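What follows is each chain in one-letter form.
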Amino acid sequence: MVRIPDHYARANALLAAQFRDRLPEQDKNNFQKLLKALIDSMQEIDDQNQDLIFFRFLETAQGVQLDGIGQLVGLTREPGQDDESYREDIKFQIQINRSQGTPEEVISILKYLTDAQKIWYYDIFPAFYQMATDGLTYPTNWTDLVTAIQKASPAGVNYVPIAAL
């Protein structure tokens, strides 16, 4: 959506030449004054509408708006967590929510969580898999890592917890 900073200037430019505003504010005719009053109120409404839209995008949301996005994806803000780290957590939660459990997706999730350079993925017959990582950065609670991988796993396929190499 394009932000229009001055609706009045745009509307004035579209008028026939004899109605265009070329005079200072105090010398405008009644038609120009009416047009300005109508357009100025529309400008306020449009500015507020643009702000409502703009601050509801994940990349630009702040504070309560960001909390609302987190609530939509099923993630609550940790006490004292700043907007930027919460935004990153929301992006990661969206990745988990959209996951279809392909090996590439769960590898990507583990790589992100452990800051790994290399991930090893092992299929275990009939419906298990295991991964190993060279990344040694883990969440404070390691069970959060296992839970995230299990949420991203396909239905009916069990994830055997990670081994770090």
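Before reading further, recall that the structure is shown in the block above.
Here's what I pulled together on the structure shown here. Once a new chain begins, its residue numbering starts again from 1 and follows that chain's sequence as written. Totals for whole chains, interfaces and linings use all residues, but because this is a predicted model, local features are given only for residues with pLDDT of at least 70 and pairs of side-chain atoms are given and counted only at 80 or more. Side-chain figures throughout are based on the complete set of non-hydrogen atoms in the structure, without hydrogens or water.

Some thoughts on a nonpolar patch on the surface
Turning to step 1, where the next piece is worked out: To count toward a patch, a residue needs a relative accessible area over 30% and no salt bridge; like charges are then connected within 9 Å, while nonpolar side chains (Val, Leu, Ile, Met, Phe, Trp, Tyr) are connected within 5 Å. To be clear on the numbers: accessible area is Shrake-Rupley with a 1.4 Å probe, and residue cover counts the displayed protein chains and nothing else. Each reported salt bridge corresponds to a side-chain nitrogen of Lys or Arg within 4 Å of a carboxyl oxygen of Asp or Glu. The grouping of I53, F54 and F57 at the surface amounts to a nonpolar patch, some 270 Å² of accessible area in total.
Turning to step 2, where the next piece is worked out: Only DSSP runs of H or I with at least four residues qualify as helices, and only runs of E with at least two residues qualify as strands; both kinds are numbered from the N terminus onward. Assignment of secondary structure puts F57 in the loop between α2 (30-54) and α3 (64-73).
Turning to step 3, where the next piece is worked out: With a 1.4 Å probe rolled over the protein chains alone, any residue whose accessible area is under 20% of its type maximum counts as buried; one over 50% counts as exposed, and the rest are partly exposed. Note on F57: relative accessible area 48%, which makes it partly exposed.

Observations regarding the packing of aromatic side chains
Turning to step 1, where the next piece is worked out: Ring pairs are drawn from Phe, Tyr and Trp, using the six-membered ring of Trp, whenever the two centres fall within 6.5 Å, and their geometry is named by plane angle: stacked under 30 degrees, edge-to-face over 60, tilted for the rest. Under the counting rule described, the total for this entry stands at 4 aromatic pairs.
Turning to step 2, where the next piece is worked out: Centre to centre, the rings of F54 and F55 are 5.0 Å apart; their planes meet at 80°, and the pair counts as edge-to-face.
Turning to step 3, where the next piece is worked out: On the accessibility criterion, F54 (38% relative accessible area) is partly exposed.
Turning to step 4, where the next piece is worked out: Arranged with centres 5.2 Å apart and planes meeting at 20°, the rings of Y121 and Y129 form a pair that is stacked.
Turning to step 5, where the next piece is worked out: The exposure class assigned to Y129 is buried, which follows from its relative accessible area of 1%.
Turning to step 6, where the next piece is worked out: Taken together, the ring pairs in this structure connect Y121, Y129 and Y159 into an aromatic cluster.
Turning to step 7, where the next piece is worked out: Here, a charge over a ring means that NZ of Lys or CZ of Arg falls within 6 Å of the ring centre while also lying within 35 degrees of the ring normal. Against the face of Y8 rests K36, its NZ or CZ located 5.0 Å from the ring centre.

What to know about unusual backbone geometry
Turning to step 1, where the next piece is worked out: Cis geometry is adopted by the peptide bond preceding P126, which originates at F125 and carries an omega value of 5°.
Turning to step 2, where the next piece is worked out: Note on placement: P126 falls in the loop between β1 (119-124) and β2 (128-133).
Turning to step 3, where the next piece is worked out: Here D115, not a glycine, exhibits a phi torsion of approximately 55°, which is positive.
Turning to step 4, where the next piece is worked out: The topology assignment puts D115 in the loop between α5 (103-114) and β1.

Comments concerning the environment of A116
Turning to step 1, where the next piece is worked out: Mapped onto the elements of the fold, A116 is located in the loop between α5 and β1.
Turning to step 2, where the next piece is worked out: C-alpha of A116 to C-alpha of L136: the two residues are 20 residues apart in sequence and 7.2 Å apart in space.
Turning to step 3, where the next piece is worked out: Two residues form a contact once any of their heavy atoms are found within 4.5 Å. Among residues more than four places away in sequence, those in contact with A116 are K111, T133, D134 and G135.

Everything listed here is a matter of geometry and, on its own, says nothing about what the molecule does.
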